[in-house]
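Residue-level listing of the chains:
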Amino acid sequence: MYFSYEDLGKHELVECPECGMEYAPTLEGDAQFHRERHEYLDGIIAKHGFIVLYEERERIKKVARKTIANNNSSLPEKQDAAHSLLKCYFARSIESMAEYYQMHVDLDTFIAMMLNNEDIFGKDTELYNSLVAKYGKKEGIQKGMSYYDPPA
Ligand SMILES: [Zn+2]
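Residues numbered from 1 in each chain as written. Predicted model: local features only at pLDDT ≥ 70, side-chain atom pairs only at ≥ 80, totals over all residues.

1. What about the overall build of the chain?
Here is the rule we go by: Per the convention used, a helix needs a DSSP run of H or I reaching at least four residues, while a strand needs a run of E reaching at least two, with both numbered from the N terminus. Counting other C-beta atoms within 10 Å of a residue's own tells you its class, since 20 or more makes it buried, 12 or fewer makes it exposed, and anything in between is partly exposed; those C-beta atoms are placed from the backbone. This entry defines residue contacts through backbone-placed C-beta atoms, with two residues in contact when those atoms are within 7 Å.
For the chain, the count of helices and strands is six helices and two strands. Overall, the chain shows an N-to-C arrangement of helices and strands of α-β-β-α-α-α-α-α. Along the longest, intermediate and shortest principal axes, the C-alpha atoms of the chain span 55 × 35 × 25 Å. In the chain, which comprises 152 residues, the share counted as buried stands at 21%. Within the chain, residue pairs in contact and separated by at least 24 positions form 50% of the contacts whose partners lie at least 6 positions apart.

2. Topic: the environment of Arg 37
Structurally, Arg 37 is set in helix H2 (residues 28-48). Taking the C-alpha atoms as reference points, Arg 37 and Val 52, separated by 15 residues in sequence, lie 14 Å from one another.

3. A word on helix H3 (residues 54-69)
To be explicit about the condition: By definition here, a helix of n residues has an expected span of 1.5 Å times n minus one. Note: the arc covers the axis-to-C-beta directions of the helix.
Along its 16 residues, H3 runs 22 Å from first to last C-alpha, staying within 8% of the 22 Å computed at 1.5 Å per residue. Turning to H3, its buried residues number three or more, namely Arg 57, Ala 64 and Ile 68. Viewed end-on, H3 has its buried residues packed into an arc of 40°, placing them on one side of the element. Facing away from the buried side of H3 by over 90 degrees, the exposed positions are Glu 55, Glu 58, Arg 59, Lys 62, Val 63 and Lys 66. Among the structural elements, helix H4 (75-96) and helix H6 (125-135) are those in contact with the buried residues of H3.

4. As for the domain arrangement of the chain
In many reports, interface size means the accessible area that the parts give up when they come together. What counts here: Domain extents, as shown, originate in an automatic or database domain assignment. Gly is put with the polar residues, along with every residue not named as nonpolar or charged; the nonpolar set is Ala, Val, Leu, Ile, Met, Phe, Trp, Tyr, Cys and Pro, and the charged set is Asp, Glu, Lys and Arg.
Examined at the domain level, the chain breaks down into domain 1 (1-49) and domain 2 (51-152). Using C-alpha coordinates to define each centre, domain 1 is positioned 28 Å away from domain 2. Taken together, the residues that form the side of domain 1 that touches domain 2 break down as four nonpolar, three polar and one charged.

5. Here's the deal with helix H5 (residues 107-114)
Each full turn of the α-helix corresponds to 3.6 residues, which orients residues three or four apart in the same direction. Where H5 is concerned, the buried positions are Phe 110, Ile 111, Ala 112, Met 113 and Met 114. Buried residues belonging to H5 abut H4 and H6.

6. Here we look at the nonpolar core
Considering soluble globular proteins, one finds that nonpolar side chains tend to be buried as a cluster. Under the convention used in this document: Joining buried Ala, Val, Leu, Ile, Met, Phe, Trp, Tyr and Cys residues through C-beta atoms within 7 Å gives a set, and that set is a nonpolar core.
Within the largest apolar cluster, 24 residues are counted, with the highest numbers of intra-cluster contacts made by Ala 82, Leu 85, Leu 86 and Met 114. Those elements giving two or more residues to this core turn out to be H2, H3, H4 and H5. Beyond its immediate stretch of four places on either side in the chain, Leu 85 contacts Lys 61, Ala 64 and Arg 65.

7. What about the environment of Ile 68?
One can find Ile 68 in helix H3. Note on Ile 68: 20 C-beta atoms within 10 Å, which makes it buried. For Ile 68 and Asp 124, which are 56 residues apart along the polypeptide, the C-alpha to C-alpha distance reads 8.7 Å. Ignoring anything within four residues of it in the chain, the contact list for Ile 68 reads Lys 78, Ala 81, Ala 82, Phe 121, Asp 124 and Leu 127.

8. Side note on the environment of His 83
With respect to the helices and strands, the residue His 83 is situated in helix H4. When the C-alpha atoms of His 83 and Leu 8 are compared, they prove to be 39 Å apart, with 75 residues separating the residues in sequence.

9. Description of unusual backbone geometry
Positive phi, close to 50°, is recorded for Ala 98, a residue that is not glycine. You can call Ala 98 partly exposed: it has 13 C-beta atoms within 10 Å.

See below:
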């Protein structure tokens, strides 16, 4: 952070129509922070074809968890929901790496790493096994965690 919240209060905020970030263009530190974030988000989209930002992630995760927990959902519905949920975790994980996003694994590898935790979907072994059959399992994310931590 290059400025205080008090500084920020003296400047007008705008919302970037592309990345959705609210920032103060007239406050150099904040404008720079936005430029950097905007740049790595663009880089993530160029490399992986998508990004899901915070508010959308929260909305998707809520719907996906409901579908997975619903006994009336079909297996393909649950698989779709699980894929959406894991895509949100992927987006959060890669966004957290900021300008180091190039070190992050791709979505399918990330999913295989998340599936290394056999409790990820609770007792729904049918869903779990069907996803493992598709993506496999890989080491790289600690059980109970949902962030990729690149090897040092
Ligand atoms: Zn932006």
